[in-house]
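# Overview (structure and organization)
Take a look at the letters that make up each chain.
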Amino acid sequence: MITISSLKLHQGQSRIFREMIEADVKYNVIKASRQFGKSILFKQILLNYAINNKNYMVAYITPSYKLSRIFHRELINLLPEQIFTSNKSELNITFANNSIIRFYSGESPNSMRGPSNDVVFIDEFSFMDGSEVWPAIKPTMNAKKNSKCFIASTPFGKNMFYDLYQRGVSNVIVTGK
C-alpha cells in the first residue's frame, strides 16, 4: 500500500485510517472536533484509494467551491508530478493508473449528479445542505458494487450529518434519503 509520507497522521487519525481501510462497511461517519485533522485524514484515505486501485472514481465534496480549490491545490502539491495530471478548471486529478479524483462543492449539488463513484468523501457535512447534497451524491455509489462513503464533520446542530451519525451509533443501515 502506498501512502503519502508528507501527510503525517497523529495517533487518533492513524487508528481511524486503519479501521476505515480494513473495514468492509459502505458508510463510514466520523464525528470529530475542530482541528482534529479530518481533512488531512481524508486526503490520506482518498489518495490511498486513488493510487492503489486502477480505474477508481473518487469524489471529494467540501462545503464551498473555495475549499474544493484549496484541497485540489494542496493535493497536487503533495504528489510527484510523474504519477498524475491535473485539470484546475474542472478540479480533477487523473492518475497514471486511470483513477480520478473529482472535487465538488456542497454549494452546487447538481454538479455531483452523473458519474458513478467507487469512493465518496464528504468533508464537513454539517455545513452543507444535506437535503440537497445527499440525494445528489448517494445514487452515484449505487452502480458500483463495493463503493464506500466517508463522511466527516464537526457537529453543527441537528441536521443530516447528525442523523447519519446517530444511525451509525445505533447500527441502523442507511437506505433511504
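Please refer to the structure higher up on the page.
Summary of the structure given here.

What counts and what doesn't
- Within any chain, residue numbers begin from 1 and follow the written order of that chain's sequence.
- Local features in this predicted model are restricted to residues of pLDDT 70 or higher, and side-chain atom pairs are both shown and tallied only at a pLDDT of 80 or more, whereas totals for entire chains, interfaces and linings draw on every residue.
- Working from all heavy atoms in the structure, the side-chain values ignore hydrogens and water.
- A pair of strands is treated as paired once DSSP finds two or more bridges between them.
- Numbered from the N terminus, helices here are DSSP runs of H or I no shorter than four residues, and strands are runs of E no shorter than two.
- Where helices are involved, their axes are fitted lines through C-alpha atoms of the stretch in contact, as for all axes, and angles between N-to-C directions lie from 0 to 180°.
- Here, residues are in contact when the closest pair of their heavy atoms is within 4.5 Å.
- What sets the label is the angle itself: under 35 degrees gives roughly parallel, over 145 gives roughly antiparallel, 65 to 115 gives roughly perpendicular, and the rest give oblique.
- For a crossing to be left-handed, the near helix must be turned anticlockwise from the far one by less than a right angle; the clockwise case is right-handed.
- Here the term charged refers only to Asp, Glu, Lys and Arg, the term nonpolar to Ala, Val, Leu, Ile, Met, Phe, Trp, Tyr, Cys and Pro, and the term polar to all other amino acids, Gly among them.

Taken together, the seven strands give an open sheet; going across it, the order is β1-β7-β6-β2-β5-β4-β3, and neighbouring strands pair in mixed fashion. A single partner strand is all that each edge strand has here, and the edge strands are β1 (27-31) and β3 (84-87). On average, each strand axis in the sheet is tilted by 15° relative to the strand beside it, whichever way the strands run. Summarising the sheet, strand β2 (residues 57-62) and strand β6 (residues 119-123) pair through four bridges and their orientation is parallel. Opposite Ala-59, over in β6, you have Val-120 as the bridge partner. Docked against the sheet, helix α4 (residues 130-137) engages β1, β2, β6 and β7 (148-153), running at close to 170° with respect to β6.

This paragraph deals with the packing of helix α2 (residues 38-52) against helix α3 (residues 65-78). Packing of α2 against α3 brings their axes to within 12 Å, and their N-to-C directions diverge by 55°. With respect to each other, α2 and α3 are oriented oblique. The hand of the α2/α3 crossing is right-handed. Of α3, the residues touching α2 (which contributes Ser-39, Lys-43, Leu-46 and Leu-47) are Phe-71, Glu-74 and Leu-75. Classifying every residue of the contact of α2 with α3 gives four nonpolar, one polar and two charged.

Let us look at the pairing of strand β4 (residues 92-95). The side chains of a regular strand alternate, residue by residue, between the two faces of the sheet. Sheet topology places β3 next to β4; four bridges connect them, and they run antiparallel. For Thr-85, the partnering residue across the bridge sits in β4 and is Thr-94. Pairing analysis gives three bridges linking β4 to strand β5 (residues 100-105), with the strands arranged antiparallel. For Thr-94, the partnering residue across the bridge sits in β5 and is Ile-100. Between β4 and β5, which pair antiparallel and follow one another directly, the connecting turn spans four residues, one of which, Asn-98, has a positive phi of 75°.

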